Amino acid sequence: MSSSTKEIENLINQDYKQGFVTELEVETFPPGLDEEVIAKLSKIKNEPSFMLEYRLKAFRHWQTMKEPDWAQLNIEAIDYQSISYYSAPKKKGDGPQSLDEVDPELLETYKKLGIPLDEQERLAGVAVDAVFDSVSVATTFKGKLKDAGVIFCPISEALQEYPELVKKYLGTVVTETDNFFASLNAAVFTDGSFVYIPKGVRCPMELSTYFRINAANTGQFERTLIIADAGSHVSYLEGCTAPMRDENQLHAAVVELVIMDDAEIKYSTVQNWYPGDENGVGGIYNFVTKRAECRGHNAKVSWTQVETGSAITWKYPSCVLLGDNSTGEFYSVALTNNYQQADTGTKMIHIGKNTSSTIISKGISAGKAQNTYRGLVKVGKGAENARNFTQCDSLLVGDKCGAHTFPYIEVKQPSAQVEHEATTSKISEDQLFFCQQRGLSAEDAVSMIVNGFCKEVFKELPMEFAVEAQALLGISLEGSVG
Amino acid sequence: MLNIENLHVNVADKAILKGVNLQIKPGEVHAIMGPNGAGKSTLSHILSGKAGYTVTQGKVTYAGKDLLAMEPELRAREGMFLAFQYPVEIPGVSNIYLMKAALNANRKHQGLDEVDAMDFLTLVKDKIKLLQMDEKFLYRAVNEGFSGGEKKRNEILQAAILEPKLCVLDETDSGLDIDALKIVSKAINSLRTEQRSFLMITHYQRMLDYVKPDFVHVLADGRIVKSGGPELALELEEKGYQWVEGEAA
């Protein structure tokens, strides 16, 4: 572990510190969703006509669909007509803004969140796209990236500047009819990040998007599309926070990754949406469809996620291993405390020959929370010599929480090799007492044991994120020791 | 240092300790011997603050403070160390990390600066020589896959690092072969100072051959029934516990 106990100690006694609200002038649609709202949304974003068609097609299909109910989640009915589908800070003029034109209030907000958008202050080596409610408010280092041939911009801007490129890839990994929440997203998504790494380019810096929900009664529907062309490499990070509110808010995102021959995408998430209070009031409903398609030979994708926030998390970042010799990885830490619920995992779909996948999942459940791992490993007929290794560990803190594991394995190719290991353990009174007898407080002891449990996943995170992730676990576990 | 007066302790309404009196002065080494079920482990647990015990009578003062009112971690930070009879395994947490976190928690309590990773490494590499342990044990998860003897050595290593004022050794000799017993005893002897006190809880006399106590007490049926010098341990070994139990009755 790189972070010391002191750091955790300092952080453990804090509440959800990202729970503040930014006051600024906004433009918000009245609640409700119909074709007119979608047309208005497309118009306000000045989208090419194919986008409106795409959205309407998705919307019409969505209306025929039902919410999935197979997850191990207890969800109160969501009234989709009571949500506003667009909310954005008012800005002067049209088109993308430079940093000096961004509302200082917004810059201040990101600074408070520890994400300074000023390029001078920013950690060198990380470019940031800041998405605030329905729009991207700033993207840093765009110029430097452009010099390397890398496109990194809000997807709304990409639709203006590179419509053909977006059209070529959008919805090809996660179609507009994929599932209930993906269809809803396709109909109403407002912003997100677009990344294109040209052939043979190693992206010179880490790319990151920071998602912030601020407005009340709105949903955030973001769309991220990343294309790594042949022989390219990119590491991308996302972070998310929201104010503390008594109402549940909906966040339904879609992330599509396309990886060509010999290319690699490393995608890391630290998800810290507002989880609700200790009585389970409020919090974000996080319904996310993330999928990567390894279309080329030797393509590689790696998902690393640290999920500590949200009242409900429904999320299965998946890898479709089409290209021969392609590789998919999934490293996950999902922590639930109080009344949080998480049903998360991955899908590894082996289609190409000699494809391999690794799944390391660490679920931690405390308080009265429920934590479920759900994973599918599917090996198609043609996937000769496919390999999978799955390790799925659950840790319980206290005796009122639950951990559940649902591994699904479908193999149609006899030469495939699939391994699954699973453990469930509980932080014992004896372990806590032992640590206390050495001078550590019970909460520090829990933090230490949980961080130790997650070590294999944390080491996959870029360094700044690893420290943040450890600190987050400390905060999220606050009050979990009686 | 430690003053136990008329201590009565119940576990689930059953009386285990029935009036223990014991005084330990700075620098003294006391051994408590006794048959199974005499209440030896209960005594070590009650001193270190483990949950599940009820004090029905009596008091314990440690360095002038009411020990029983203190949280376990506070007792530890005030210099009370328990070497566990059955050290627990903590998967995923490296041994060196735990020891550093513990030392820094103690130092913080004493108003001292925390030790950084480099200084700690120097310290721990020095101390580990005392126990003749391989440095690889530092990077393994706490006690995970350690043999019984390795666990016990690891306990004494932690004592050497934390430099407590009072060491309670709960059957540290059990599970040790003769070579390991010699090493552990040597390490304990090297920790003896004029200020540091020890309370050794043991079944057998053999450890006392290597770590010479100043006082030996026999605990039977929840009371100290006999106290004396080191020669008492030898007499016990010869005559068996029935001798003192009979004498007490």
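Look up a bit, the structure's there.
Conventions we followed
Residues numbered from 1 in each chain as written. Chains lettered and ligands numbered in written order. Predicted model: local features only at pLDDT ≥ 70, side-chain atom pairs only at ≥ 80, totals over all residues. Heavy atoms only, no water. Helix = DSSP H or I, 4+ residues; strand = E, 2+ residues; numbered from the N terminus. Buried < 20%, exposed > 50% of the residue type's maximum accessible area, 1.4 Å probe, protein only. Contact = heavy atoms within 4.5 Å. Areas by Shrake-Rupley, 256 points an atom, 1.4 Å probe, with all protein chains shown as cover. Buried area = accessible area lost by both parts, 1.4 Å probe. Salt bridge = Lys/Arg side-chain N within 4 Å of Asp/Glu carboxyl O. Pairing = 2+ DSSP bridges. Axes fitted to C-alpha atoms, helices over the stretch in contact; angles between N-to-C directions. Core = buried A, V, L, I, M, F, W, Y, C linked by side-chain atoms within 4.5 Å. Arc of directions from axis to C-beta. Disulfide = S-S within 2.5 Å.

A. Quick look at the overall build of chain A. Helix and strand counts for chain A stand at 11 helices and 22 strands. Among the 482 residues that make up chain A, the fraction classed as buried is 62%. Considering only contacts in chain A between residues 6 or more positions apart, those separated by 24 or more positions represent 84%. A total accessible area of about 18000 Å² is found for chain A, and carbon and sulfur atoms account for 48% of it.

B. Representation of the interface of chain B and chain A. On the chain A side, the residues contacting the 33 residues of chain B number 23 residues. Note on chain B versus chain A: buried area summed over both sides is about 2300 Å², and carbon and sulfur give 61% of it. The three residues of chain B that bury the most area against chain A are Phe84, Val88 and Tyr97 of chain B, which together make up 25% of that side's buried surface. The tally of links from chain B across to chain A stands at two salt bridges.

C. Inspection of the environment of Gly145 of chain B at higher detail. Residue and element names in this part refer to chain B. Looking at the secondary structure, you find Gly145 in the loop between strand 8 (141-142) and helix 6 (148-162). For Gly145, a relative accessible area of 58% corresponds to the exposed category. Along the chain, Gly145 and Pro91 lie 54 residues apart, while their C-alpha atoms are 9.5 Å from each other. Apart from the residues lying within four places of it in its own chain, the contact partners of Gly145 are Glu89, Arg140 and Glu150.

D. The sheet that holds strand 11 (residues 215-220) of chain B, seen in detail. Residue and element names in this part refer to chain B. In space, the six strands of this open sheet follow the order 6-9-10-3-11-12, with mixed pairing throughout. What marks the edges here is a single partner per strand, and that holds for strand 6 (80-83) and strand 12 (223-228). Averaged over all pairs of adjacent strands, the angle between strand axes in this sheet comes to 20°, irrespective of strand direction. As paired strands, strand 9 (residues 166-170) and strand 10 (residues 197-202) are joined by five bridges and run parallel to one another. In the strand pairing of strand 10, Leu166 is matched with Ser197.

E. Spatial organisation of the nonpolar core. The biggest cluster of nonpolar side chains holds 63 residues, and the ones touching the most others in it are Ile364 and Val450 of chain A together with Leu2, Ile4, Leu7 and Leu47 of chain B. A per-element tally of this core places helix 10 (residues 442-458) of chain A first, with nine residues. When residues no more than four places from it in sequence are discounted, the contact partners of Ile4 of chain B are Val20, Asn21, Leu22, Leu43, Leu47, Lys59 and Val60 of chain B. Core analysis: the next-biggest nonpolar cluster, separate from the first, contains 55 residues, Leu33, Ala71, Cys153 and Ile155 of chain A among them.

F. View of the sheet that holds strand 5 (residues 65-66) of chain B. All names here are of chain B. Ordered by their spatial adjacency, four strands build an open sheet running 2-1-4-5, and the pairing between neighbours is antiparallel. If you trace the sheet from one side to the other, it starts and ends with strand 2 (14-24) and strand 5, each paired once. Of the pairings in the sheet, the one linking strand 1 (residues 2-11) to strand 2 comprises eight bridges and is antiparallel in character. Directly across from Leu2, in strand 2, lies its bridge partner Ile24. The strands that helix 1 (residues 40-48) touches are strand 1, strand 2 and strand 4 (54-62); relative to strand 1, the one it contacts most, it runs at about 110°.

G. Region of the structure containing helix 4 (residues 104-112) of chain A. Residues and elements named next belong to chain A. Of all the residues in helix 4, the buried ones are Leu106, Thr109 and Tyr110. Mapping the buried residues of helix 4 onto a view down its axis gives an arc of 90°, with all of them on the same face. Facing away from the buried side of helix 4 by more than 90 degrees, the exposed set consists of Pro104 and Lys112.

H. Here's a closer look at the state of the cysteines. All names here are of chain A. Under the definition given, this model contains zero disulfides over all chains. Residue Cys203 stays outside any disulfide, its sulfur separated by 13 Å from that of Cys153, the closest cysteine. Of the cysteine sulfurs around Cys392, a residue in no disulfide, the closest is that of Cys454, at 13 Å. Judged by relative accessible area, Cys392 falls into the buried class, the value being 2%.

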